[in-house]
Amino acid sequence: MPATVVVGTQWGDEGKGKLTDLIAKEMQLVVRYQGGHNAGHTLVVDGESFALQLVPSGVLYDHITPVIGNGVVVDPFVLLAEIATLEAKGVDCSRLRVSGNAHLILPYHQELDRLTERYLGKNKLGTTKRGIGPAYADKAMRVGIRVQDLLDADIFREKLTAVLVDKNKVFARVYNRLPEDADELADRVLTEVAPALEPYIADTVSLVHDSLEAGQNVLFEGAQATFLDLDHGTYPFVTSSNPVAGGACTGAGVGPRYIQRVVGIAKAYVTRVGAGPFPTELFDSVGDHLVEVGREFGTNTGRRRRPGWFDAVMLRQAVRLNSLSELAITKLDILDALETLQVCVAYDVNGVRHDHLPYHQSDLHAATPIYETLPGWGCDLTGVTERHQLPAAAVQYLEFLEQQVGVPITYVGVGPGREQFVHFSDAG
Ligand code: GDP
């Protein structure tokens, strides 16, 4: 049975949560495959807002098993708090399953994240300081502690004691900090966390394959986005995992042959949080307008996002990197009041035109966008539910994007609500 991947195609915050939620209706399993609790999906259901950090969006549907795959890094305290918050709102989380192979984020990862960012000073990466990078670093260094270790107290204690010998040297000698007490932390995790998480811990690779083999639909839900990908993003201003569609294979344990549909999510304009190159960035009143109307402030951090025009060069690259089969455009309504719209169709790098993303990042820093200007529509789109109700200028804008990017736009978001979208073109 076909598996679908939903992936962000810009620098995150594209509104993946809402689109995933929409597509999830036809799914039996929704699997997160990378990232940690820096995802911050927001869903609005019946006027109530749900901010999800770790739990997959599908949790809001009774027929879906939400799965946290092996590629995710899990802060167990945050996960339990999120489950408690959802349950308090009446959302049943008992179907949630967490991979035993997923790595744990523990307090010393957060401390290291905070300290390294502080010591980098003006060169800081702008991480969310949640310990995600240090946890992935430990995974690669083979000193990480996995969710399954919670099920064996002796192993957990042994691994924690061993890893803290090293971390405590760094805390003391590099950062002049007090050491983390291994016994104290082990006691806390083994009493506060392990018993509460145990019912959710599972062999999620078998779960995913049993589901696929039974002919069910499986959705792989990416967090962050293509240009924050560790390999393909604007390094080092990236996340420490692989959000691109291929990350679903490693992060959930399936081969690429299962994946038939890859839905890219793009905002009708672009935003980015923190540092890093951004060719179409706006520093004028239009940028302020996009931030204000689009409420472009981080779900978890409250940080103002940097705004810019839609960049078709980036999107062409996202189509390649993810094998996108279709695109969903979100937040078209945020452009309602603008008289004219610009779309970046190519870059000028030192007098040379680039239709595709230059591989050298210095060229990206030097890139001047080549824009095409299109008319705005000057009316409120938030009540539109059918393509034929869209004003001609909005159709022109979307068709222009389709032509520039080379894949059909299947869905268009016109408001934050679950029902505020338009079916635009059929999937190719
Ligand atoms: P994600 O991390 O990609 O899920 O993105 P966020 O949740 O950070 O940002 C999406 C925000 O935009 C949320 O507040 C959504 O409710 C909202 N949103 C999603 N789609 C639309 C849309 O089409 N129009 C408007 N106005 N808001 C939207």
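Residues numbered from 1 in each chain as written. Predicted model: local features only at pLDDT ≥ 70, side-chain atom pairs only at ≥ 80, totals over all residues. Heavy atoms only, no water.

Asks: Explanation requested: the site of the ligand in the structure shown.
Replies: The environment of the ligand is made up of 20 residues, and the closest members are G15, K16, G17, H41 and D333. Within the side chain of R305, one N or O atom sits 3.4 Å away from an oxygen atom of the ligand. Between the ligand and the protein, one listed contact pairs an oxygen atom with a backbone N or O atom of K331 at 2.9 Å. Protein chains shield 91% of the accessible area of the ligand, which is 590 Å² for the free molecule. Mapped by element, the contributors of at least two residues to the shell around the ligand are α1 (16–24) and β3 (41–45). Per-element accounting of the shell around the ligand gives the leading share, 3 residues, to α1. Grouping the constituent residues of the shell around the ligand by class yields 4 nonpolar, 9 polar and 7 charged. (Near = heavy atom within 4 Å. Polar contact = N/O pair within 3.5 Å; in protein donor to acceptor, adjacent residues only side chain to side chain. Areas by Shrake-Rupley, 256 points an atom, 1.4 Å probe, with all protein chains shown as cover. Helix = DSSP H or I, 4+ residues; strand = E, 2+ residues; numbered from the N terminus. Nonpolar A, V, L, I, M, F, W, Y, C, P; charged D, E, K, R; others polar.)

Asks: Help me understand the pairing of strand β11 (residues 259–267) in this model?
Replies: On any regular strand, side chains alternate: one points to one face of the sheet, the next to the other face. With 7 of 9 residues buried, β11 lies mostly within the body of the structure. Sheet analysis places strand β1 (residues 3–8) next to β11, joined by 6 bridges and oriented parallel. Among the inter-strand pairings, T4 is bridged to a residue of β11, identified as R261. Pairing of β11 with strand β15 (residues 326–330), which is carried by 5 bridges, proceeds in the parallel orientation. Its bridge partner being in β15, I265 is matched across the sheet by A328. (Buried < 20%, exposed > 50% of the residue type's maximum accessible area, 1.4 Å probe, protein only. Pairing = 2+ DSSP bridges.)

Asks: For this particular structure, what's the right way to read the packing of aromatic side chains?
Replies: Aromatic rings in a pair are described by how distant their centres are and how their planes are angled relative to each other. All chains considered together, the criterion is met by 4 aromatic pairs. Arranged with centres 6.0 Å apart and planes meeting at 55 degrees, the rings of W377 and Y397 form a pair that is tilted. Highlighted residues: W377 in the loop between β18 (368–375) and α12 (392–405) and Y397 in helix α12, separated in sequence by 20 residues. Residue W377 shares its accessibility class with Y397, and that shared class is buried. (Phe/Tyr/Trp six-rings, centres within 6.5 Å; stacked < 30°, edge-to-face > 60°.)

Asks: Help me understand the environment of K129, please; the structure alone is not making it clear to me.
Replies: Among the structural elements, K129 can be located in the loop between α3 (107–120) and α4 (132–141). K129 sits in the partly exposed class, given a relative accessible area of 36%. Separated by 17 residues in the primary sequence, K129 and L112 have C-alpha atoms spaced 8.6 Å apart. Setting aside its immediate chain neighbours within four residues, K129 contacts Q110, D113, R114 and E117. (Contact = heavy atoms within 4.5 Å.)

These results come straight from atomic positions and should not be treated as a statement about function.
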